[in-house]
Amino acid sequence: MSSDSTENGAGNSAGNNAVNSAGNGAGNGAGNGGTTRFRPDPRPLAPGLYFVSTPIGAARDITLRGLDILATADVLAAEDTRTLRHLMEIHGVALGDRHVYAYHDHNGDAMRPRLLRALAEGKSVAYASEAGTPLVADPGFQLARAAIAEGLPVLAAPGPSAVLAALAVAGLPSDRFLFAGFAPAAAGARRKMLTELALVPATLVFYESPKRISRFLIELSDALGASRDAAVCRELTKRFEEVTRGSLGDLAEKFSGLTVKGEIVVLVGRAAPLRADQESVDEALATALQSMSVKDAASEVAVRFGLPRREIYQSALKLARAEGDE
């Protein structure tokens, strides 16, 4: 989760929290006499761009493969160089004579060519977010696209993700979800976004600043319905981890005027299917048919009302024929 990659600066201290949480012996033996010091895979790393997921809280959440890549990559780049250096120190990963290049929203245009040049020369390049999985609310996206456009290998070392961690503990359906990221700063743009998401048949996942969580929950309740199940996940995997579950209305009331700190993920359960009567279905189909094919209109309306597609398709056909006869 990256604060640099968002215009609303979500108070992101995840990188520092990630390494600070390692002070209880999470460093894989590093600094305790070297009894279990990390030993990287001795095999050379193949050329390519490696996106390395880094801890969102507990430093021990880094994967062994992630450590292997950080230990052996020819070139290291990071959204926050201090955070990555600290993480490597915790786990006893030697930097050697390598340099950690800063790559973030503010220097991407200047730094991308240098990293792409290293890849073109057959080197291995590892990029790490400040915290979490690269490309998720993170400036790595443009780097990935540029490498792909050049036909260069792009690989992922999966690991910590605030989105997936929140889905695991929220208690909401996870078979289908939509990551919406940070809501726009402008009120009108937020309303438009939430209106568009209101009928999406999936659990919605947002990032939000602790300074705006009270306002955002009120807006969610108004736009999506106060009865929608939801969860507010704060400081996931960190010392003061907290998950608050309830309806959007209850959560909006609970957080009203409340001062909170830390990283926040908000999840909202899918909307209950609309109760359908024939008039409502026909009206929805007529509207959808103005801009969609019969098949697509039937599919959208069936999902919206939770009805069998075949049944709605037949109704759509009848309406389309009737309009054609006119």
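If you're wondering where the values come from, they're calculated on a predicted model, not measured in any experiment. (Residues numbered from 1 in each chain as written. Predicted model: local features only at pLDDT ≥ 70, side-chain atom pairs only at ≥ 80, totals over all residues. Heavy atoms only, no water.)

(A) Representation of the overall build of the protein within the structure. Across its full length, the protein carries twelve helices and ten strands. Evaluated residue by residue, the protein yields a buried proportion of 47% over its 326 residues. Sequence separation of at least 24 residues holds for 74% of the intrachain contacts in the protein that already meet a minimum separation of 6. When the accessible surface of the protein is summed, it comes to about 16,300 Å², and 50% of that surface belongs to carbon and sulfur atoms. (Helix = DSSP H or I, 4+ residues; strand = E, 2+ residues; numbered from the N terminus. Buried < 20%, exposed > 50% of the residue type's maximum accessible area, 1.4 Å probe, protein only. Contact = heavy atoms within 4.5 Å. Areas by Shrake-Rupley, 256 points an atom, 1.4 Å probe, with all protein chains shown as cover.)

(B) Summary view of the sheet that holds strand β2 (residues 75-78). Across the sheet, which stays open at both edges, the five strands sit in the order β3-β2-β4-β1-β5 with parallel pairing between neighbours. Bordering the open sheet on either side are β3 (100-102) and β5 (154-157), each of which pairs with just one other strand. On average, each strand axis in the sheet is tilted by 25 degrees relative to the strand beside it, whichever way the strands run. Two strands pair when backbone bridges link them, and strand β1 (residues 48-52) and β5 are joined in this way by four bridges, in the parallel orientation. (Pairing = 2+ DSSP bridges. Axes fitted to C-alpha atoms, helices over the stretch in contact; angles between N-to-C directions.)

(C) View of the packing of aromatic side chains. What the rule picks out here adds up to five aromatic pairs. Ring centres of Phe-179 and Tyr-207 lie 5.0 Å apart, and the angle between their planes is 65 degrees; this geometry places the pair in the edge-to-face category. In this pair, Phe-179 sits in strand β6 (residues 177-182) while Tyr-207 sits in strand β7 (residues 203-208), placing the two residues 28 residues apart along the sequence. (Phe/Tyr/Trp six-rings, centres within 6.5 Å; stacked < 30°, edge-to-face > 60°.)

(D) A look at the sheet that holds strand β10 (residues 264-268). Sheet architecture is open: five strands sit in the order β6-β7-β10-β8-β9, paired in mixed fashion. Looking along the sheet, the strands with just one partner apiece sit at the ends: β6 and β9 (242-247). The sheet shows a mean angle of 15 degrees between the axes of neighbouring strands, direction not considered. Both strand β8 (residues 229-234) and β10 contribute to a ladder of five bridges, which runs antiparallel. Bridging across to β10, Val-232 finds its partner in Val-266.

(E) Geometry of the side chain of Asn-107. You can see Asn-107 is positioned in the loop between β3 and α4 (108-120). Of note is the side chain of Asn-107, whose polar atom sits 2.8 Å from the backbone oxygen of Ala-102. (Polar contact = N/O pair within 3.5 Å; in protein donor to acceptor, adjacent residues only side chain to side chain.)

(F) Region of interest: helix α8 (residues 213-224). With twelve residues, α8 extends 16 Å from end C-alpha to end C-alpha; this agrees with the ideal 16 Å at 1.5 Å per step. Looking at α8, one finds that the buried residues are Ile-213, Ser-214, Phe-216, Leu-217, Leu-220, Ser-221 and Leu-224. Seen end-on, α8 carries its buried residues on one side only, within an arc spanning 165 degrees. (Expected span 1.5 Å × (residues − 1). Arc of directions from axis to C-beta.)

(G) Main features of the environment of Val-125. Counting through the fold element by element, Val-125 comes out in strand β4 (residues 124-128). Separated by 80 residues in the primary sequence, Val-125 and Leu-45 have C-alpha atoms spaced 9.6 Å apart. Contact partners of Val-125, with chain neighbours within four places excluded, come to Gly-48, Leu-49, Tyr-50, Val-75, Leu-115, Ala-118 and Leu-119.

(H) Representation of the environment of Ala-286. With respect to the helices and strands, Ala-286 occurs in helix α10 (residues 278-289). Overall, Ala-286 belongs to the partly exposed group, its relative accessible area being 24%. C-alpha separation for the pair Ala-286 and Ala-316, spaced 30 residues apart in sequence, amounts to 8.0 Å. If near-sequence neighbours (up to four positions away) are discounted, Ala-286 is found in contact with Leu-319 and Glu-323.

(I) Structural context of the nonpolar core. Ranked by internal contacts, the top residues of the largest apolar core, which has 25 residues, are Phe-206, Leu-217, Leu-220, Val-266 and Val-268. Counting residues per element, the ones that place at least two in this core are α7 (187-197), β7, α8, β8, α9 (248-255) and β10. With five residues, α8 is the single largest residue contributor to this core. The contact partners of Leu-217, leaving out residues within four places of it in the chain, are Val-232, Leu-248, Leu-251, Ala-252, Phe-255 and Val-266. Counting residues in each nonpolar core, the second largest holds 21 residues, with Ile-69, Leu-70, Ala-73 and Leu-95 among its members. (Core = buried A, V, L, I, M, F, W, Y, C linked by side-chain atoms within 4.5 Å.)

(J) Layout of empty space enclosed by the protein. By the definition in use, this model includes two cavities of 30 Å³ or more. Computed from the structure, the second largest cavity encloses a volume of approximately 30 Å³. Counting residues per element, the lining of the second largest cavity draws most heavily on helix α3 (residues 81-90), which supplies three residues. Of the residues belonging to the lining of the second largest cavity, the class tally is three nonpolar, three polar and two charged. (1 Å grid on protein atoms, 1.4 Å probe; cavity = no way out; pocket = protein on both sides within 12 Å on 5 of 7 lines; lining within 4 Å. Points joined across faces, edges and corners; volume = space filled by probe spheres on them. Nonpolar A, V, L, I, M, F, W, Y, C, P; charged D, E, K, R; others polar.)

(K) A look at the confidence of the model for the protein. The predicted model of the protein has a mean per-residue pLDDT of 87, with 87% of residues at 70 or higher. Per-residue pLDDT stays below 50 along residues 2-35; that stretch engages in 83 contacts with residues further than four places along the chain or on separate chains. (pLDDT = per-residue confidence, 0-100.)

(L) Representation of unusual backbone geometry within the structure. Even without being glycine, Glu-235 reaches a positive phi, approximately 55 degrees. Take Glu-235: it is sitting in the loop between β8 and β9. Taking relative accessible area as the criterion, Glu-235 reaches 11% and is therefore assigned buried. Notably, Thr-237 is not glycine yet its phi reads approximately 70 degrees, a positive angle. Mapped onto the elements, Thr-237 comes out in the loop between β8 and β9.

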